[in-house]
Amino acid sequence: DINPAMRGRARAQAMHPDGTFLYTLYTLPADAPVHDDTATGDAERWAFVHVISLVDKWSHCVFLPVPFGTEDESVLGMAVAPRGDTVVVADPSVGQIAEMDTATNTVSGVHSVPDLIGWEERAAVAIADDGRTYVGVGWTLLELAAPSYEVAHAWRQEGTITHLSVAGNELRVGGHGAVTLLDRVTRQETGIIASPDGGTLELLG
């Protein structure tokens with residue numbers, strides 16, 4: 001069934017690079033977790049990635065381990081790697097990153113990133129071809145090394161980061177009515193594309 005009866009609030013959505021799968025990140029309120037039948041011990045979950053196969057017409061839920069979604073369900077963010085092999089979910093309210101293997105539809109790793117904690121805004125996430133992951137939350141932008149997810153570099157932006165995108169060696173940072181361009185090699189700012197009317201950014205791709 002491509003539309004199973006799973007409740008939750010959609011927080012982020014991303015397409016597999018080849019267009020065959022759609023990934024949607026859902027969270028649940030603190031008083032309404034779902035039960036993971038495959039788990040042992042504490043089986044209550046507050047966040048999951050819903051996978052839809054657009055070719056074979058099936059769907060599957062990948063539950064994220066506790067504490068994902070338990071502190072502030074509104075701040076979780078997600079991205080798909082350019083090769084489509086990994087989905088990354090960031091929860092800044094608990095300072096953790098989860099990796100999901102798209103071949104097996106399982107959580108393959110959880111990493112602690114304490115530098116994410118301290119902001120109440122939603123995380124923006126982007127993944128580069130070389131495996132480096134970029135997470136923006138509040139005014140903080142982090143470059144996380146692969147595969148350790150240790151902080152390799154940090155920037156401070158002029159306002160809240162709402163969108164991230166990577167194209168080759170260029171990192172595009174959206175927020176506060178502009179897109180800031182950063183060189184991923186030199187880690188220096190190369191330009192700013194400002195909104196002519198100071199409006200908000202709706203999409204960065």
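Everything below is about the structure printed above this text.
So, here is what we can say about the structure in this document. The written sequence of each chain sets the order in which its residues are numbered from 1. Reporting in this predicted model follows two pLDDT cut-offs: at least 70 for local features of residues, and 80 or more for side-chain atom pairs to be given and counted; totals over whole chains, interfaces and linings ignore these cut-offs and use all residues. The basis for every side-chain value is the complete set of heavy atoms in the structure, and neither hydrogens nor water enter the calculation.

### Some details on the pattern of salt bridges
Next up, step 1: Here a salt bridge means any side-chain nitrogen of Lys or Arg lying within 4 Å of a carboxyl oxygen belonging to Asp or Glu. Inspection of the entire model under this criterion finds eight salt bridges.
Next up, step 2: The partner of aspartate 130 in a salt bridge is arginine 184, with the nearest N and O atoms 3.3 Å apart. Here the residue aspartate 130 occupies a position in the loop between strand E11 (124-127) and strand E12 (133-137), and arginine 184 occupies one in the loop between strand E17 (178-183) and strand E18 (189-194), the gap between them amounting to 54 residues.
Next up, step 3: Any residue under 20% of the maximum accessible area for its type is buried, any over 50% is exposed, and the rest in between are partly exposed; the area is computed with a 1.4 Å probe on protein chains only. Given the relative accessible area of 5%, arginine 184 is considered buried.
Next up, step 4: The residue glutamate 143 makes a salt bridge to arginine 132 at a minimum N-O spacing of 3.3 Å. Of the two residues, glutamate 143 is situated in strand E13 (residues 140-144) and arginine 132 in the loop between E11 and E12; the sequence distance between them amounts to 11 residues. In terms of burial, glutamate 143 and arginine 132 fall into one category: buried.
Next up, step 5: Among the charged side chains, a salt-bridge network with shared partners connects Asp130, Arg132, Glu143, Arg184 and Arg187. Under the DSSP-based scheme used, a helix requires at least four consecutive residues in state H or I and a strand at least two consecutive residues in state E, with every element numbered from the N terminus.

### A closer look at the sheet that holds strand E1 (residues 9-15)
Next up, step 1: For two strands to pair, DSSP has to find at least two bridges joining them. Strands sit in the order E1-E2-E5-E6 across an open sheet of four strands; the sheet is antiparallel. Looking at which strands have only one partner, the edges of the open sheet turn out to be E1 and strand E6 (59-63). Across this sheet, the average inter-strand angle for adjacent strands is 20°, counted without regard to direction.
Next up, step 2: Where strand E5 (residues 47-53) and E6 come together, five bridges link them in antiparallel fashion. Residue pairing in the sheet places phenylalanine 48 in a bridge with phenylalanine 63 of E6. Here an angle of 0 to 180 degrees is reported between the N-to-C directions of two axes, which are lines fitted to C-alpha atoms, with helices fitted over the stretch in contact.

### Structural notes on the pairing of strand E9 (residues 96-101)
Where a strand is regular, its side chains alternate between the two sheet faces.
Next up, step 1: Of all six residues making up E9, five are buried, and the element is well covered by its neighbours.
Next up, step 2: Across six bridges, the pairing between strand E8 (residues 86-91) and E9 is antiparallel. Counted as the bridge partner of valine 88 is glutamate 99 from E9.

### Side note on the nonpolar core
Next up, step 1: Among buried residues, those of type Ala, Val, Leu, Ile, Met, Phe, Trp, Tyr and Cys that are joined through side-chain atoms within 4.5 Å constitute a nonpolar core. Counting 18 residues, the largest nonpolar core has Tyr23, Leu25, Val49, Leu64, Met78 and Val89 as the members making the most contacts within it.
Next up, step 2: Contributions of two or more residues to this core are made by E1, strand E2 (21-27), E5, strand E7 (77-80), E8 and E9.
Next up, step 3: At three residues, E5 tops the list of elements feeding residues into this core.
Next up, step 4: Residues contacting tyrosine 23, with those up to four places away along its chain left out, are Ala12, Gln13, Ala14, His16, Val49, His50, Val51, Met78, Val80, Val87, Met100 and Thr102.
Next up, step 5: Listed in part, the 15 residues of the second largest apolar core include Ala79, Val113, Ala123 and Ile127. Any pair of residues with heavy atoms lying within 4.5 Å of one another is described as a contacting pair.

### Examining the pairing of strand E16 (residues 170-175)
Next up, step 1: Two strands pair when backbone bridges link them, and strand E15 (residues 161-167) and E16 are joined in this way by six bridges, in the antiparallel orientation. In the strand pairing of E16, histidine 163 is matched with glycine 174.
Next up, step 2: Counted between consecutive antiparallel strands, the loop separating E15 from E16 contains two residues, among which glycine 168 sits at a positive phi close to 65°.
Next up, step 3: Two elements, E16 and E17, share six bridges in a ladder whose sense is antiparallel. Following the sheet pairing, glutamate 170 is matched in E17 by aspartate 183.

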